[in-house]
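Residue-level structure breakdown
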Amino acid sequence: MFITVFGQKGGVAKTCTSVHLAAIWAQQHKKVALIDADRNRSATAYGARELLPYPVIPIEAAAKAARGADIVVTDGQASSNEEELKNLVEGSDIIILPTTPQSRSLELTVEMSKLLNNYRIPYAALLVKVDSRKKSSAQSAIEILEGFDIHVLNSQIPLLSAFESAETEGVTVDHSVDNRGRAHSRRMMGWFAYDKACVEIEELYQAYQEKTLLQLQSVGISHPWRTEPLNLKVGVWLIRNWLFSSYRSSFSVKGISF
């Protein structure tokens, strides 16, 4: 499963989301690789202490790392550039859009959704930095996004200082400690919220795979991904994402999720 986490601006917990989604699946004993496709190399900086339970790989070295992975999470570029967007989207099974309840973040997510509608790849918004004291703001955000036919995951990532501490320490939020060296009391709230998001993402992926299979069977094609060797899947993904972007249209297989 290839997942790309997108954001059009900083401050929407894009890298935090990438790191924690990958960590949840790694804890489930799945082989996970986190690919850093952001020019700022935020995920690489996060994992610099090598305390995360999976490798953080720059996009240039993604082929070998992704070849043996069950799940590849890509921390995408914080950009609305359509060319960059297309390269990453066409190599993904699912797109996740971290979104805060603030109006500007909602506007950018709506703009991004309009671009993503040009592709046959499922995507969903994930509300992040949700203040428990302002639940009405989160509900309003959901209503706005759904009003634009954007699927919103039920999981909401809470606003916690534990996330900031975790990033500083290079660990996931469940290992976050305060400035006195004590475990953050609310750290597990953040962890379980991402755990719930992972379940929803897997369900979305499965539903899309089943829908795609039915569409292919209707035209006489059965289980295309079962006949593709894994290294070919990775090769197609890497080609779409980096090496041969100028020839990307030649490798695009519409309606088939690798």
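In what follows, the structure referred to is the one given above.
In this text the structure is predicted, and so the values were computed from the model without any measurement.

**What to know about the packing of helix H5 (residues 103-116) against helix H6 (residues 135-147)**
Where H5 meets H6, the closest approach of the two axes is 10 Å, and the angle between their N-to-C directions is 20°. As far as their axial angle goes, H6 and H5 are roughly parallel. Relative to H6, H5 is oriented so that their crossing is right-handed. Across the interface between the two elements, Leu-106, Thr-109 and Val-110 of H5 pack against Ala-141, Ile-144 and Leu-145 of H6. Residues that form the contact of H5 with H6 fall into these classes: five nonpolar, one polar and no charged.

**Points about the pattern of salt bridges**
In this structure the tally under the stated criterion is seven salt bridges. For the salt bridge of Arg-104 with Glu-107, the shortest nitrogen-to-oxygen distance reads 3.1 Å. One end of the pair, Arg-104, and the other, Glu-107, are both in helix H5, three residues apart, so they sit about a helical turn from each other. By relative accessible area, which is 44% here, Arg-104 ends up partly exposed. Put simply, Lys-14, Asp-38 and Asp-75 are held in one network by salt bridges that share partners.

**Some details on the sheet that holds strand S2 (residues 32-36)**
Spatially, seven strands are ordered S3-S2-S4-S1-S5-S6-S7 in an open sheet, and the strand pairing comes out parallel. Strands at the two margins of the open sheet, each flanked by one partner only, are strand S3 (56-58) and strand S7 (152-158). Sheet twist, expressed as the average angle between the axes of neighbouring strands with direction ignored, equals 25°. The sheet contact formed by strand S1 (residues 2-7) and strand S4 (residues 71-78) spans five bridges and is parallel. What sits directly across from Ile-3, in S4, is Val-73.

**Quick notes on the packing of helix H4 (residues 82-89) against H5**
Contact geometry for H4 and H5: axes closest at 11 Å, N-to-C directions at 65°. In terms of crossing hand, the pair formed by H4 and H5 is right-handed. Mapping the contact onto sequence places Glu-82, Leu-85 and Val-89 in H4 and Met-112, Leu-115 and Leu-116 in H5. Taken together, the residues of the contact of H4 with H5 break down into five nonpolar, no polar and one charged.

**Concerning the packing of aromatic side chains**
Within a pair of aromatic rings, the relevant descriptors are the distance that separates the centres and the angle that separates the planes. Using the criterion set out here, one finds one aromatic pair in the structure. Look at Phe-163 and Tyr-194: their rings are 5.9 Å apart centre to centre, the planes differ by 90°, and that puts the pair in the edge-to-face class. Note that Phe-163 is positioned in helix H7 (residues 161-169) and Tyr-194 in helix H8 (residues 187-217), a separation of 31 residues in sequence. The burial state of Phe-163 is the same as that of Tyr-194; both residues are buried.

**A closer look at the environment of Glu-167**
Note that Glu-167 resides in helix H7. For the pair Glu-167 and Ala-45, spaced 122 residues apart in the sequence, the C-alpha separation amounts to 9.1 Å.

**A word on helix H1 (residues 14-27)**
Taking 1.5 Å of rise per residue, the 14 residues of H1 would be expected to cover 20 Å, and the 20 Å separating its terminal C-alpha atoms lies within 8% of that figure. Here H1 lies mainly inside the structure; 13 of its 14 residues are buried. Trailing H1 by a residue or two, His-29 shows a phi angle of about 65°, which is positive.

What counts, and where the lines are drawn
Residues numbered from 1 in each chain as written. Predicted model: local features only at pLDDT ≥ 70, side-chain atom pairs only at ≥ 80, totals over all residues. Heavy atoms only, no water. Axes fitted to C-alpha atoms, helices over the stretch in contact; angles between N-to-C directions. Helix = DSSP H or I, 4+ residues; strand = E, 2+ residues; numbered from the N terminus. Parallel < 35°, antiparallel > 145°, perpendicular 65-115°, else oblique. Left-handed = near helix turned anticlockwise from the far one by under 90°. Contact = heavy atoms within 4.5 Å. Nonpolar A, V, L, I, M, F, W, Y, C, P; charged D, E, K, R; others polar. Salt bridge = Lys/Arg side-chain N within 4 Å of Asp/Glu carboxyl O. Buried < 20%, exposed > 50% of the residue type's maximum accessible area, 1.4 Å probe, protein only. Pairing = 2+ DSSP bridges. Phe/Tyr/Trp six-rings, centres within 6.5 Å; stacked < 30°, edge-to-face > 60°. Expected span 1.5 Å × (residues − 1).

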